[in-house]
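The lines below spell out each chain.
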Amino acid sequence: MELLYEGKAKRIYKTDTPNELHVQYKDDVTAGNGEKHDIMEGKGRLNNEISSLIFEYLHDFGIESHFIKKLSDTEQLVRSMKIIPLEVVVRNVAAGSITKRLPFESGQPLNKPLVEFFYKDDALGDPLITDAHVKALNIASDVEIAALKTKALKINEALIELMDKMNLQLVDFKIEFGKDDQGIITLADEISPDTCRLWDKDTKENFDKDVYRKSTGNLLDAYEAFYKKLKGAVL
Ligand code: C5P
């Protein structure tokens, strides 16, 4: 198969069917825009399994995504999308970059879920941008910006309900959207412990990539434990 794109955590291949792509989850783990990098055998499998279960759960919740089906331990079949170059971050609790930018303490609950847009550009360091920047860069119109926020908040509600069943707090997460062949804004990319902050409600133990970013434990053990909880919650 023809490789179309290789990112830090996934490879995207063309398939024989138009509008369908093959996604392969890699064992690479990166942090700090690639400054920290390791290969952990089994990480691609875990994120593929987790992301597939979450996309299926969201589908049952009435939220469509690019996900069609899981093909193997590390591969998914997805609908091809024209990716919107934004990282859409939803925060319920302050952690990570917002605590460096604004006077929030890590762990401080936010009054209501906050949606932020970051411009996807490694060379620029994925800067935080405003709605006005999104329009100035011709990335999305007012109506599309509103749709991105509404969809992101609905995904947040669905994920909070799921994490509640695992006694986990959904601190924040990053999602990406694309436009399908009908021009409909649709959830794409992945949702996994690489792209979320997930804290045990009681102990505050992390089940996400912060374990690796902060070197506080074994990433594979944390992801495996999360996957086990997730299977218990969705099956
Ligand atoms: O770094 P920051 O606090 O802005 O991250 C917010 C959320 O978005 C975290 O859950 C983080 O894992 C996720 N994120 C991501 N990919 C990035 C940046 C952030 O998945 N490039």
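The name that an unreviewed UniProt entry assigns to the chain is Phosphoribosylaminoimidazole-succinocarboxamide synthase, with the source organism given as Abyssicoccus albus. Heading Sequence similarities (unreviewed entry) of the UniProt record for the chain holds this comment: "Belongs to the SAICAR synthetase family." The record held by UniProt for the chain lists under Catalytic activity (unreviewed entry) the comment "5-amino-1-(5-phospho-D-ribosyl)imidazole-4-carboxylate + L-aspartate + ATP = (2S)-2-[5-amino-1-(5-phospho-beta-D-ribosyl)imidazole-4-carboxamido]succinate + ADP + phosphate + 2 H(+)".

J.: Quick question: what am I supposed to make of the pairing of strand β1 (residues 3-6) here?
T.: Taken residue by residue, a regular strand's side chains alternate between the two faces of the sheet. Sheet topology places β1 next to strand β2 (residues 10-14); 3 bridges connect them, and they run antiparallel. If you follow Leu 3 over to β2, its bridge partner there is Tyr 13. Hairpin connection between β1 and β2: a loop of 3 residues separates the two successive antiparallel strands.

J.: Mind showing me how you'd approach the site of the ligand here?
T.: Neighbouring the ligand are 14 residues; Gly 96, Ser 97, Lys 174, Thr 195 and Arg 197 lie closest to it. Mapped onto the shell around the ligand, the elements with two or more residues apiece are β9 (86-93), β12 (168-179) and β14 (196-200). For the shell around the ligand, the element with the most residues is β12, which contributes 3 residues. Of the residues contributing to the shell around the ligand, the split by class is 4 nonpolar, 3 polar and 7 charged.

J.: Looking at this structure, I do not really get the UniProt feature "domain: SAICAR synthetase/ADE2 N-terminal" (unreviewed entry) in the chain. What am I missing?
T.: The positions that UniProt labels "domain: SAICAR synthetase/ADE2 N-terminal" (unreviewed entry) are, in the present scheme, residues 3-227. With 28% helix and 34% strand, residues 3-227 has end C-alpha atoms that lie 29 Å from one another.

J.: What is the right way to look at the sheet that holds β2 in this model?
T.: The strands making up a sheet are joined through hydrogen bonds of the backbone, oriented either antiparallel or parallel. The 5 strands lie next to each other as β1-β2-β3-β7-β6, forming an open sheet whose pairing is antiparallel. Whereas interior strands pair on both sides, the edge strands pair on one side only; in this sheet they are β1 and β6 (67-70). The sheet shows a mean angle of 25° between the axes of neighbouring strands, taken without regard to direction. Contacts from helix α1 (residues 43-60) reach β3 (20-25), β6 and β7 (75-79) within the one sheet, and its direction differs from that of β6 by about 130°.

J.: Got a minute to help me understand the environment of Ile 145 in this structure?
T.: With respect to the element layout, Ile 145 can be found in helix α4 (residues 142-164). Between the alpha carbons of Ile 145 and Val 234 there is a distance of 31 Å; along the sequence they are 89 residues apart. If sequence neighbours within four positions are ignored, Ile 145 has contacts with Asp 131, Val 134 and Ala 140.

J.: Teacher, can you tell me more about the environment of Thr 203 here?
T.: In this structure, Thr 203 sits in the loop between β14 and α5 (210-213). Residues Thr 203 and Ile 145, spaced 58 residues apart in sequence, show a C-alpha to C-alpha distance of 37 Å.

J.: How do you make sense of the nonpolar core when you look at a structure like this?
T.: Within soluble globular proteins, side chains that are nonpolar tend to cluster in buried spots. Counting residues in hydrophobic clusters, the biggest one holds 49 residues, and the most contacted among them are Val 88, Leu 170, Phe 173, Ile 175, Phe 177, Leu 198 and Phe 226. Elements supplying a minimum of two residues to this core: β3, α1, β9, α4, β12, β13 (185-188), β14 and α6 (219-234). The two domains that each donate at least three residues to this core are domain 1 (2-79) and domain 2 (82-218). The residues contacting Phe 177, other than those within four sequence positions of it, are Ile 84, Val 88, Leu 148, Ile 185, Thr 186, Leu 187 and Ala 188.

J.: What exactly am I supposed to notice about the domain arrangement of the chain here?
T.: Accessible area lost on assembly of the parts is the figure often given for the size of an interface. Each assigned domain of the chain is listed with its residue range as follows: domain 1 (2-79) and domain 2 (82-218). Here the C-alpha centre of domain 2 lies 18 Å away from the C-alpha centre of domain 1. Every contact between the two is made by 17 residues of domain 1 and, on the other side, 20 residues of domain 2. Going through the elements one at a time, β4 (28-31) and α1 are the ones with two or more residues in the side of domain 1 that touches domain 2.

Basis of the calculations
Note on numbering: residues in each chain are counted from 1, in written sequence order. Confidence filtering applies because this is a predicted model: local features only for residues at pLDDT of at least 70, side-chain atom pairs given and counted only at 80 or more, and all residues used for totals across whole chains, interfaces and linings. UniProt positions are given in the numbering used here, feature names are shortened, and annotations may be inferred rather than shown by experiment. Any two strands between which DSSP finds at least two bridges are classified as paired. Runs of H or I in DSSP of at least four residues are treated as helices and runs of E of at least two as strands, each being numbered from the N terminus. For each residue, a C-beta atom is placed from the backbone, and the residue is labelled near a molecule or strand when this atom is within 6 Å of it. Think of it as three bins: nonpolar holds Ala, Val, Leu, Ile, Met, Phe, Trp, Tyr, Cys and Pro, charged holds Asp, Glu, Lys and Arg, and polar takes everything else, Gly as well. Each axis is a line fitted through C-alpha atoms, taken for helices only over the stretch in contact, and angles between the N-to-C directions span 0 to 180 degrees. Here, residue contact means that the backbone-derived C-beta atoms of the two residues sit within 7 Å. Any set of buried Ala, Val, Leu, Ile, Met, Phe, Trp, Tyr and Cys residues joined through C-beta atoms within 7 Å is what this text calls a nonpolar core. Field definition: a residue is buried when 20 or more other C-beta atoms are found within 10 Å of its C-beta, exposed when 12 or fewer are, and partly exposed for counts in between, with C-beta atoms placed from the backbone. For the domains described, the bounds stem from an automatic or database domain assignment.

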